[in-house]
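# Coordinate inspection notes
For reference, the chains in residue letters:
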Amino acid sequence: MGKIAFVFPGQGAQSIGMAKDVFEEIPSSRRVIETADESLGFSLSSIIFEGPEQELKQTYNTQPALLAASVAYLEAFREKGITPDYVAGHSLGEYSALVAAGVLSLEEAVVIVRARGEYMEQAVPGGQGAMAAVLGADREALSNLCCSISEDGTPVELANMNCPGQIVISGSAEGVGAAAERVKEAGGKRAIPLEVSGPFHSSLMKDAADRLAGKLKDVKLSAPAVPVVANVTALPVSDVEEIRKLLVEQVYSPVLWQDSVEWMISQGVDTFVEIGPGNVLTGLIKKIDKSVKLININSLSSIKELETL
């Protein structure tokens, strides 16, 4: 019998109306959204269910909204009685994974990611940072290209190792622009600018990371009930102080998503269940290894239709 991993999406997977179906029909999912509202002291649910889009797209709203929606789907899915062998999340999704593993309470998690979103938004003035998805490049060659461009005082770094042939770069607008123009030197086909409010997962986020460290200092973390595979190391982490440290580093470090998935597969995982809005991670995992089984839990009907893993 193969192993199962639950994986949780990050920023970009959000949409207006997400989790409304489980909110309306599943009491435990409704409690998740209501708890998020109470913990934050405002109606996050009305932004999730009604928008407007511009409001939902603000990083400090997107992060708690996506976390709450993902955990609401998780609660509905839990009624199936399936326990994962590992959990992991992409960037922000790591917080959903930590809630799933019992490391963080939902109440604490939504407050932390709301603050995380604010710190990330404020770390770099608007327009000065950028991100782009590079298609087809060799990781090492792209890393070398970014290093040589950064030497000119225009930092650009690898931010997300998503899957073979898709690496996101992040940094100053000038650095990302220069790297985008020269991706062919690294074997890349093209670079697609991403619509983001800052240079996430780059060294320009150090200030946000320092502020997050202050916020996380007194937060109670519990030992994980199942291993959490961390973005920063692509390895499981169980020590709570190590988890705290890695959450801070994660803000300015690359998300090693491809490495994380490959490590879980090497440990016998043959089924990945993506829990939360959209299907971004399913698409990435398919490009990493076509042989694994992929399941999306992103609607009430997807849960009801699921007979067995």
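For the structure, see preceding data.
First, a word on scope: everything that follows refers to the structure included in this document. (Residues numbered from 1 in each chain as written. Predicted model: local features only at pLDDT ≥ 70, side-chain atom pairs only at ≥ 80, totals over all residues. Heavy atoms only, no water.)

## Focus on the overall build of the chain
- Assigned secondary structure in the chain consists of 14 helices and 10 strands.
- Since a compact globule built from 309 residues should have a radius of gyration of about 19 Å, the 19 Å found for the chain is in line with a globular shape.
- Taken along its principal axes, the extent of the C-alpha atoms in the chain is 55 × 45 × 35 Å.
- Residue burial in the chain is summarised as follows: out of 309 residues, 55% are buried.
- Across the chain, the fraction of contacts at a sequence separation of at least 24, relative to all contacts at a separation of at least 6, is 74%.
- Carbon and sulfur atoms make up 49% of the accessible area of the chain, which amounts to about 12,600 Å² in all.
- Within the chain, one finds 26 positive and 40 negative side-chain charges whose respective centroids are separated by 3 Å. (Helix = DSSP H or I, 4+ residues; strand = E, 2+ residues; numbered from the N terminus. Rg over C-alpha atoms; globule rule 2.2 N^0.38 Å. Buried < 20%, exposed > 50% of the residue type's maximum accessible area, 1.4 Å probe, protein only. Contact = heavy atoms within 4.5 Å. Areas by Shrake-Rupley, 256 points an atom, 1.4 Å probe, with all protein chains shown as cover. Lys, Arg positive; Asp, Glu negative; His and termini not counted. Charge placed at Lys NZ, Arg CZ, Asp CG, Glu CD.)

## A closer look at the nonpolar core
- Residues Phe6, Val22, Leu104, Ile275 and Ile297 are the most contacted members of the largest nonpolar core, which totals 78 residues.
- Take this core: its biggest share by element is 11 residues, from helix 5 (residues 59-78).
- Residues in contact with valine 22, not counting those within four places in the same chain, are Ser29, Arg30, Ala72, Tyr73, Ala76, Leu300 and Ile303.
- By size, the runner-up hydrophobic cluster in this structure holds 19 residues, among which are Ala130, Ala132, Leu145 and Val176. (Core = buried A, V, L, I, M, F, W, Y, C linked by side-chain atoms within 4.5 Å.)

## A short note on the layout of surface pockets
- Size it by volume and the largest pocket reaches roughly 770 Å³.
- Around the largest pocket, the lining is made up of 31 residues, and of these Gln11, Gly12, Leu194, Glu195 and Val196 lie nearest the centre.
- Across the lining of the largest pocket, the residue classes break down as 11 nonpolar, 16 polar and four charged. (1 Å grid on protein atoms, 1.4 Å probe; cavity = no way out; pocket = protein on both sides within 12 Å on 5 of 7 lines; lining within 4 Å. Points joined across faces, edges and corners; volume = space filled by probe spheres on them. Nonpolar A, V, L, I, M, F, W, Y, C, P; charged D, E, K, R; others polar.)

## Observations regarding the packing of helix 10 (residues 206-216) against helix 11 (residues 240-250)
- For the pair helix 10 and helix 11, the least separation of the axes is 8 Å and the interaxial angle reads 150°. Here helix 10 lies roughly antiparallel to helix 11, going by the angle between them. In the packing of helix 10 onto helix 11, the handedness of the crossing is right-handed. Touching Ala209, Leu212, Ala213 and Leu216 of helix 10 are Arg244, Leu247 and Val248, all from helix 11.
- Per-class residue counts for the contact of helix 10 with helix 11 are six nonpolar, no polar and one charged. (Axes fitted to C-alpha atoms, helices over the stretch in contact; angles between N-to-C directions. Parallel < 35°, antiparallel > 145°, perpendicular 65-115°, else oblique. Left-handed = near helix turned anticlockwise from the far one by under 90°.)

## Concerning the pattern of salt bridges
- The final tally for this structure, using the stated rule, is 12 salt bridges.
- With its nearest N and O atoms 3.4 Å apart, the salt bridge here joins lysine 304 to glutamate 25. Here lysine 304, found in helix 14 (residues 300-305), pairs with glutamate 25, found in helix 1 (residues 20-25); they are 279 residues apart in sequence, far enough to count as distant. Each member of the pair, lysine 304 as well as glutamate 25, carries the same accessibility label: exposed.
- Three or more residues joined by partner-sharing salt bridges are found here, namely Glu242, Lys245 and Glu249. (Salt bridge = Lys/Arg side-chain N within 4 Å of Asp/Glu carboxyl O.)

## As for the side chain of glutamine 250
- Position of glutamine 250 relative to the elements: it lies in helix 11.
- If sequence neighbours within four positions are ignored, glutamine 250 has contacts with Ser91, Glu94, Tyr95, Arg116, His201, Asn231 and Val232.

## What about the environment of valine 280?
- The topology assignment puts valine 280 in helix 13 (residues 280-288).
- The partly exposed category is assigned to valine 280, whose relative accessible area is 45%.

## Considerations on the sheet that holds strand 4 (residues 156-163)
- Strand order in the open sheet formed by four strands is 4-5-3-6, and the pairing between neighbours is antiparallel. Edge positions in the open sheet fall to strand 4 and strand 6 (190-193), since each of these has one partner strand only. Going from strand to strand, the sheet's axes swing by 30° on average, the running direction of each strand aside.
- Direction of pairing for strand 3 (residues 129-135) relative to strand 5 (residues 166-172): antiparallel, over a ladder of seven bridges. Residue alanine 133 lies in a different strand from strand 5, and its bridge partner there is valine 168. (Pairing = 2+ DSSP bridges.)

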